[in-house]
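Structural features, examined
What follows is each chain in one-letter form.
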Amino acid sequence: MRKTKRRVLLILITVITAAAVAYLGIALFFTKHFFFNTIINGENYSVSAVNSVVNGFLDTSSQYVLRIDGRDGVSDTITGADIALRVELGSEFEDIVEGQEALLWPASVFKETEYTINTMVTYSQEALDKKIDTLCFFESDNIRQPQDAYLSDYMDGGYQIIPEDKGSVPIREKIRSAVGEAISLLEESVDLDAEECYAGARITSDNRALQKECEERNRFTGVTVTYTFGEETEVLDGSIIKDWITVEDSVVSLDPELVREYVNGLSRKYDTWGRKREFRTTNGESITMTDGAYGWWMNRAGETQELLEQIQSGKSGERTPVYHAEAAQFGEDDIGDSYVEIDLTNQHLWVYKDGELVEETDFVSGNVSRGYNTPTGVYGITYKERNATLRGATYTSHVDYWMPFNGNVGMHDASWRSSFGEDIYLRNGSHGCVNLPPKKAAVIYEYVEKGEPVIVYGGQTSVPKQETAEKPEQTAEPVEGTDSVLTPEQQIQLWIEAGLLNPDGTPVQQPQAPAEVPAEIPQPFPQE
């Protein structure tokens, strides 16, 4: 039993001794080698001999190669021999080993320890400068000029920013600096693009001014405005608006003259004011109406301004133009089915409502012998008024129903007359107005509306000399009309002078008319 214990004790001592010897042997090993997980300048030198690592660094001068990467996949190299590179070391590696405390080597198994060694690298500056000049990056085939970012042409999706092309124009000073620094650190490679060694584009895709211009252009061209003229439509969208855009001092705007030209085109195409009209009379005769003051008449200045504002606000949608005057409907027949037809030859008029004859009557028109001919043409009811006072130079006259349609010329009741129709108008007619029997005037007044067409045609324009002896008038009727048709420009000027239109052609908001309105003051076309 005692012998067994001795044997066990001897084995134990032997094992402990062997372990101690092995531990101390490993500790002795690490007096000349680096610990486990030793990282120097990014490289793992675990259990490497100090002398071997030092010699490896010193041999760098003959093995060193720097790879230089450029744009477009172009690369080149510089070797240690090209620049007479030499590496000089101090005692940094020995100091690392001496500071390891060899007896504590087991701890290195479980953790990394990093070191940075500043090696002394020397090389020929002159040789490096010459080598830089021979690098392939400076060859003309490898040089491409940079292109600025720019806006695309207008497309269905609007404008887009086309990114810049960086090109490949090398900057020698920067390449020299980047390469020199890489060699000093004995780097394996250097990326010239990352080191900003190329000339860049002046304007890049993240340029704020370029982005803002793109946004503004797309805001304008993203607008779609639809005009409806009866059965026809006009669509204004980016394909047209793009040509109106101007840029000055980075400010994006619309050329108002080009917008005005577009509005003028719409006006020329769809306005009917002053155009000839074919009209079939109640008696079945087809006549051509060339005179008058009726139809669609676009306010070009007003529409230009409002269209500009709508596009600038970026709002799309349906749009109704600003008008000086409107007709009953669009198309060649803008008169429609509700109108007053006045036949001066037969001194008879008809009132139609939605295509149905609702009233007719004889009347007395302007005195031909005195040159007060009622003007022919197509007009619109300017307004209608009850209990109006018509004023002449030396007298006034009250009428119950006043329906002007051309300046001071209009339809009204004529209580002073006892007969109507036939050829009364030739010698004893009015001063231009259409005199109606009072009862008929009351009925017609209820049917007609402001803006409703009035078609006046026919009648004699003169009376033979033997028939011109004047007969007494039935009454002293006020001067309510003129003997000629006003042109559109004359009509507008008259309204401006009367204070009914602004100088730009827009209607002046009128106060409620008093009981007595001078007949010589015309009213404008229906206000929008």
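Up top you'll find the structure we're talking about.
The structure contained in this document is the topic of the report that follows. (Residues numbered from 1 in each chain as written. Predicted model: local features only at pLDDT ≥ 70, side-chain atom pairs only at ≥ 80, totals over all residues. Heavy atoms only, no water.)

Let's talk about unusual backbone geometry
Heads up, the rule is: Between buried and exposed lies partly exposed: a residue is buried under 20% and exposed over 50% of the maximum accessible area for its type, with that area taken using a 1.4 Å probe on protein chains only. Labels follow the DSSP assignment, with helices taken as runs of H or I lasting at least four residues and strands as runs of E lasting at least two, numbered in each case from the N terminus.
One non-glycine residue, Ala-84, adopts positive backbone phi at about 55°. Looking at Ala-84, the relative accessible area reads 47%, which means it is partly exposed. Positioned with a positive phi, Asp-354 is a non-glycine residue whose angle comes to about 55°. Tracing the backbone shows Asp-354 in the loop between β21 (348-353) and β22 (356-362). Residue Asp-354 is classed as exposed on the basis of its relative accessible area of 64%.

Remarks on the pattern of salt bridges
Rules: By definition, a salt bridge exists where a carboxyl oxygen of Asp or Glu is found within 4 Å of a side-chain nitrogen of Lys or Arg.
Under the defined criterion, the tally for this structure stands at 21 salt bridges. Two residues, Asp-334 and Arg-277, come together in a salt bridge whose shortest N-O distance is 2.9 Å. Separated by 57 residues along the polypeptide, Asp-334 in the loop between β19 (323-325) and β20 (339-343) and Arg-277 in strand β15 (residues 277-280) bring together distant segments of the chain. For the pair shown, Asp-334 and Arg-277 are each scored as buried. A salt bridge links Glu-303 to Arg-319, with the shortest nitrogen-to-oxygen separation between them at 2.7 Å. Separated by 16 residues along the polypeptide, Glu-303 in helix α10 (residues 300-313) and Arg-319 in strand β18 (residues 317-319) bring together distant segments of the chain.

Comments concerning the pairing of strand β13 (residues 245-248)
To be explicit about the condition: Here, strands pair whenever DSSP counts at least two bridges between them.
As paired strands, β13 and strand β14 (residues 251-254) are joined by four bridges and run antiparallel to one another. Paired with Ile-245 across the bridge in β14 is Leu-254. The loop that links β13 with its antiparallel partner β14 comprises two residues; one of these, Asp-249, has a positive phi angle of about 55°.

Quick notes on the packing of aromatic side chains
Filter applied, for reference: Two aromatic rings, drawn from Phe, Tyr or Trp (for Trp, its six-membered ring), form a pair once their centres lie within 6.5 Å of each other, and the interplanar angle then sorts them: stacked below 30 degrees, edge-to-face above 60, tilted otherwise. The rule for a charge over a ring is simple: NZ of Lys or CZ of Arg within 6 Å of the ring centre, and within 35 degrees of the ring normal.
Applying the stated criterion across every chain, the model contains 13 aromatic pairs. Their ring planes at 65° and their centres at 5.7 Å tell us that Tyr-154 and Tyr-159 sit as a pair that is edge-to-face. You can call Tyr-159 buried: its relative accessible area is 8%. Here the aromatic rings of Tyr-401 and Tyr-445 are separated by 5.3 Å at their centres, their planes lie at 55°, and the arrangement is tilted. Of this pair, Tyr-401 sits in strand β25 (residues 396-406) while Tyr-445 is found in helix α12 (residues 438-447), placing the two residues 44 residues apart along the sequence. For Tyr-445, a relative accessible area of 9% gives the class buried. Taking NZ or CZ as reference, Arg-217 lies 5.1 Å from the ring centre of Tyr-159, over its face.

What to know about the sheet that holds strand β24 (residues 385-391)
Put simply, the rule is: Helix axes use the C-alpha atoms of the stretch in contact, all axes being lines fitted to C-alpha atoms, and the angles between their N-to-C directions lie in the range 0 to 180 degrees.
An order of β24-β25-β26-β27 is seen for the four strands of this open sheet, with the pairing classed as mixed. Every other strand in the sheet has two partners, leaving β24 and β27 (434-436) as the edge strands with one partner each. With strand direction ignored, the average angle separating the axes of adjacent strands in the sheet is 45°. Pairing of β25 with strand β26 (residues 409-413), which is carried by four bridges, proceeds in the antiparallel orientation.

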